[in-house]
Amino acid sequence: MPTLAERYAAAYDQVQVATQKAKRPAGSVKLLAVSKTKPIADVEAVAALGQVDFGENYAQEAVEKAQKLAHLGLQWHFIGPIQSNKTRPLAEHMSWIHTIERDKIARRLSDQRPQGIEPLNVCIQVNASSESQKAGVSIAQISELAALIDELPNLKLRGLMAIVENTTDQAKLGQQFDLMAQQYEWLKSHYLSVDTLSMGMTQDLAQAIQHGSTMVRVGTAIFGARQPKTSSEQ
Ligand SMILES: *Cc1c(COP(=O)(O)O)cnc(C)c1O
């Protein structure tokens, strides 16, 4: 069994190799270490290897880890669904939110972001596969939500995020990644603050990078398999 340090090194390497293969500049793709459901000690171990950005899906767990590890100066990214009664702790403790899909949530996060700290970095989640049960706005809704976020004083619009279809059909994946890349280019041309296309996970990070991802969200490859969480734990 590889150690956590070995798995992290391999995942980090995979990102560098895929970036090079895609003929993109070194360092143009950020690795987000998704530590959801994993113990604090695992986060500390990976942070000790130089990793700064960590992703979490469950509000309570995210805030708890951010508070306990505040002394490490890590950047916490929230990448899970947001309930409106959980926006305050997220606004107080996260550096990034990748999963904005509603006006109301964006407004609350901006209102609740404490004064005196940097604006909350946000991405709009897009339903790139148009699956009915999937979170995210439609392509047609991106511009309106972006305009709203751009007006909110305590949010900084950084880009788009997608969870593409869970499929091994490479053509389908490619289409969805390309669609996101097109929308990202459009958004970037309209807003100077936009520099992030959050797409790609353990299974599809190389294709995502091939298609223009600037941030891959990697859990399993770094921390190993997860036990599924029950909804009451969220
Ligand atoms: C869990 C999760 C990931 C990481 O998935 P892996 O397949 O374990 O790499 C990435 N993005 C989101 C939104 C997730 O919920």
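Residues numbered from 1 in each chain as written. Predicted model: local features only at pLDDT ≥ 70, side-chain atom pairs only at ≥ 80, totals over all residues. Heavy atoms only, no water.

Focus on the site of the ligand
And then number 1: Around the ligand, the neighbouring residues are Lys36, Asn57, Ile79, Met161, Ile163, Met201, Thr202, Arg217, Val218, Gly219, Thr220 and Arg226.
And then number 2: A distance of 2.8 Å is found between an oxygen atom of the ligand and a side-chain nitrogen or oxygen belonging to asparagine 57.
And then number 3: In isolation the ligand exposes 390 Å². Once the protein is present, 91% of that is buried.
And then number 4: Because more than half of its atoms lie within 2 Å of the grid, the ligand is assigned to the largest pocket. (Near = heavy atom within 4 Å. Polar contact = N/O pair within 3.5 Å; in protein donor to acceptor, adjacent residues only side chain to side chain. Areas by Shrake-Rupley, 256 points an atom, 1.4 Å probe, with all protein chains shown as cover. 1 Å grid on protein atoms, 1.4 Å probe; cavity = no way out; pocket = protein on both sides within 12 Å on 5 of 7 lines; lining within 4 Å. Sits in = over half its atoms within 2 Å of the grid points.)

A look at a positive patch on the surface
And then number 1: Side chains of Arg88, Arg102, Lys104 and Arg108 sit close together on the surface and give a patch of like positive charge.
And then number 2: Of note, arginine 88 is situated in helix α4 (residues 87-93).
And then number 3: Taking the relative accessible area as the measure of exposure, arginine 88 reaches 45% and is therefore partly exposed. (Patch = residues over 30% accessible without salt bridge, like charges linked within 9 Å, V, L, I, M, F, W, Y side chains within 5 Å. Salt bridge = Lys/Arg side-chain N within 4 Å of Asp/Glu carboxyl O. Lys, Arg positive; Asp, Glu negative; His and termini not counted. Charge placed at Lys NZ, Arg CZ, Asp CG, Glu CD. Helix = DSSP H or I, 4+ residues; strand = E, 2+ residues; numbered from the N terminus. Buried < 20%, exposed > 50% of the residue type's maximum accessible area, 1.4 Å probe, protein only.)

What about the side chain of asparagine 127?
And then number 1: Examined against the element boundaries, asparagine 127 turns out to sit in the loop between β5 (120-126) and α6 (142-151).
And then number 2: In terms of polar contacts, asparagine 127 uses its side chain to reach the backbone amide nitrogen of serine 130, at 3.0 Å.

Considerations on the UniProt feature "domain: Alanine racemase N-terminal" (unreviewed entry) in the chain
And then number 1: Annotation from UniProt places "domain: Alanine racemase N-terminal" (unreviewed entry) at residues 17-226.
And then number 2: As annotated, residues 17-226 comprises 39% helix and 19% strand, and the C-alpha atoms at either end are separated by 26 Å. (UniProt positions renumbered as here; feature names shortened; annotations may be inferred.)

As for the pairing of β5
And then number 1: Taking burial as the measure, the 7 residues of β5 include 7 buried ones, the bulk of the element.
And then number 2: A two-sided burial pattern is seen for β5, the buried positions comprising Leu120, Val122, Ile124 and Val126 on one face and Asn121, Cys123 and Gln125 on the other.
And then number 3: Inspection of the sheet shows strand β4 (residues 96-100) paired to β5 by 3 bridges, in the parallel sense. Paired with isoleucine 97 across the two strands is valine 122, which belongs to β5.
And then number 4: The parallel pair β4 and β5 is bridged by helix α5 (residues 103-112), and the resulting crossover is right-handed.
And then number 5: Judged from the 7 bridges that link them, β5 and strand β6 (residues 155-162) form a sheet pairing that is parallel. Note on β6: the bridge partner recorded for cysteine 123 is glycine 159. (Pairing = 2+ DSSP bridges. Right-handed = clockwise from strand over helix to strand, strands pointing away.)

Describing the nonpolar core
And then number 1: Residues Ile97, Leu109 and Ile222 are the most contacted members of the largest nonpolar core, which totals 64 residues.
And then number 2: Per-element accounting of this core gives the leading share, 6 residues, to helix α7 (residues 170-190).
And then number 3: Not counting residues up to four positions away in its chain, the partners in contact with isoleucine 222 are Leu4, Arg7, Tyr8, Ala11, Leu31, Ala33 and Val46.
And then number 4: By size, the runner-up hydrophobic cluster in this structure holds 7 residues, among which are Val34, Ile79, Trp96 and Met215. (Core = buried A, V, L, I, M, F, W, Y, C linked by side-chain atoms within 4.5 Å. Contact = heavy atoms within 4.5 Å.)

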